[in-house]
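Structural characterization, general
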Amino acid sequence: MAENLNLFTSTQEVIREALTKMGYDESVYELMKEPLRLLTVRMPVRMDDGTTRVFTGYRAQHNDSVGPTKGGVRFHPDVDEEEVKALSMWMTLKCGIVDLPYGGGKGGIICDPRTMSMGELERLSRAYVRAISQIVGPTKDIPAPDVYTNSQIMAWMMDEYSRIDEFNSPGFITGKPIVLGGSQGREKATAQGVTICIEQAAKKRGISIQGARVVVQGFGNAGSFLAKFMHDAGAKVIAISDAHGAIHDPNGLDIDYLLDRRDSFGTVTTLFENTLTNSELLEIECDILVPAAVSNQITAQNVDRINASIIVEAANGPTTLEATKRLNERDILLVPDVLASAGGVTVSYFEWVQNNQGYYWTEEEVNEKLEKKIVSAFNQVYDLAHSRKVNMRLAAYMVGARKSAEASKFRGWV
Ligand code: GLU
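Residues numbered from 1 in each chain as written. Predicted model: local features only at pLDDT ≥ 70, side-chain atom pairs only at ≥ 80, totals over all residues. Heavy atoms only, no water.

Observations regarding the packing of helix α4 (residues 118-132) against helix α5 (residues 151-165)
Rules: Note on geometry: axes are C-alpha line fits, over the in-contact stretch for helices, and angles between N-to-C directions span 0 to 180 degrees. Think of it this way: any DSSP run of H or I at least four residues long counts as a helix, any run of E at least two long counts as a strand, and we number them from the N terminus. Orientation categories follow fixed angle ranges, with anything under 35 degrees roughly parallel, anything over 145 roughly antiparallel, 65 to 115 roughly perpendicular, and all other angles oblique. Rotating anticlockwise by less than a right angle from the far helix to the near helix defines a left-handed crossing, while the corresponding clockwise rotation defines a right-handed one. Any two residues having at least one pair of non-hydrogen atoms within 4.5 Å are treated as being in contact. Residues were grouped as follows: Ala, Val, Leu, Ile, Met, Phe, Trp, Tyr, Cys and Pro as nonpolar; Asp, Glu, Lys and Arg as charged; and all remaining residues, including Gly, as polar.
Put simply, α4 and α5 touch, their axes get as near as 9 Å, and they point 45° apart. When the interaxial angle is binned, α4 and α5 end up oblique. Like other packed secondary-structure pairs, α4 and α5 cross with a definite hand, here right-handed. For the pair formed by α4 and α5, the contact residues are Met118, Leu121, Glu122, Ser125, Arg126, Tyr128, Val129 and Arg130 on the first element and Gln152, Ile153, Trp156, Met157, Asp159, Glu160, Tyr161, Arg163 and Ile164 on the second. Residues belonging to the contact of α4 with α5 are distributed by class as follows: nine nonpolar, two polar and six charged.

Listed below in structure tokens is the structure:
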């Protein structure tokens, strides 16, 4: 049978397994196998050349039994309905794993921001907020950054929402610039969360970060900050990649130089000759492999050639279910995406709390709170994987789905 590379159906498969293992009946799965709401919007936007283009966007709200839904908005040519639905389900899992009072949501717009001007991006961002304004809000559904969206886009969206709401509404969206109510530490939060997971996993495997060989696939927000954190902690980052290729140096790369030369979309390898491919990068022998780029990178095709002790998934869905099983059989410790990449939404939650109380924390306070949340989530998942003899992905789904399943039951929905 061909391997399942469909993120939506493979997510459903693991949710079903997780709920069954916890003893929930079919009705709970029926509720959780799809988002409760999915809004599709079409947005006419005036382009710089005077023409009008109509863009399509989505907002999915998976489950709001625990509290408002929460999750980013991605701007990408490959966005589609199924991807947004799967990503909203992952947000429920992430929020459950780090124990936030939220359910999962996600949005996306089919567009290529790399070819758009700032003016066009601003008009599109504002049009999206107008289009989804009735179903979002600080106590309903709180957007945030995701692939190819950033704090400037969050600022335009917050401003547009505040005009509609006729009220300054910083709690409508997270990932804002600091002067507009953003949180210290939010920009680096995803990479910070991945780093904490790496430290915990390395501890379990008796690997010292000092001198550990690290390979990072992807040099976007998560990948680039992570490479820097690992480098600063004394690890040897021996290979990194972007969408165009990979570079490798067994003695460790000069990460500060690469960060300095990277463009805002994370491209840097085009400056080098003799680059490797992304699939060659994955097979480099190392201690810690961090896929921080796109989905379906470690599959049944290449899993047996993976040469790492620990894999920490900073991207969404980089490893297929078949590959997950094989890695587990080979005793390679896999820290799944829904746990490893939960640092972003955790600090988004802190940002929302600070907006609600109007009192702001220092970066040290934020990092300390983040560390506590991620360490406790990691240990909960790790211990459950051992006590129930399941792989880390299934254990993470069990921890992640439990809160929404229970809340839905208490509310009398199922
Ligand atoms: N887009 C990020 C994620 O997928 C962050 C979501 C948020 O901060 O709400 O986890």
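That covers the picture; the talk isn't over yet.
So, the UniProt feature "binding site: substrate" (unreviewed entry) in the chain
Stated formally: UniProt positions are given in the numbering used here, feature names are shortened, and annotations may be inferred rather than shown by experiment. Relative accessibility under 20% of the residue-type maximum defines a buried residue, over 50% an exposed one, and the middle range a partly exposed one, all with a 1.4 Å probe and only protein chains included.
Sequence positions flagged by UniProt for "binding site: substrate" (unreviewed entry) are, in local numbering, Lys70, Lys94 and Ser348. The named residues occupy 279 residues along the chain; their greatest pairwise C-alpha distance, 12.2 Å, places them in one compact cluster. Position of Lys70 among the secondary structure elements: in strand β3 (residues 69-70). Within the secondary structure, Ser348 is located in helix α12 (residues 343-357). Classification of Ser348 as buried rests on a relative accessible area of 1%. The residues touching Ser348, leaving out its near neighbours within four places in the chain, are Lys70, Ala144, Thr174 and Arg186.

Some words on the UniProt feature "binding site: NAD(+)" (unreviewed entry) in the chain
Here is the rule: Here a polar contact is recorded for every N or O atom pair within 3.5 Å, except that within protein the pair must consist of a potential hydrogen donor and a potential acceptor, and residues adjacent in sequence are included only if both atoms are side-chain atoms.
The feature "binding site: NAD(+)" (unreviewed entry), as annotated in UniProt, sits at Thr190 and Asn221 in this numbering. A maximum C-alpha distance of 8.1 Å is found for the annotated residues, which run over 32 residues; spatially they form one tight group. Secondary-structure assignment places Thr190 in helix α6 (residues 189-205). Residue Thr190 is classed as buried on the basis of its relative accessible area of 16%. Contact partners of Thr190, with chain neighbours within four places excluded, come to Ala222, Ala340, Ser341, Gly343 and Gly344. With respect to the helices, strands and loops of the structure, Asn221 is situated in helix α7 (residues 221-232). Under the relative-accessibility criterion, Asn221 is labelled partly exposed at 37%. The contact partners of Asn221, leaving out residues within four places of it in the chain, are Glu187 and Arg262. Engagement of the side chain of Asn221 in a polar contact is seen with the backbone oxygen of Glu187, the distance being 3.3 Å.

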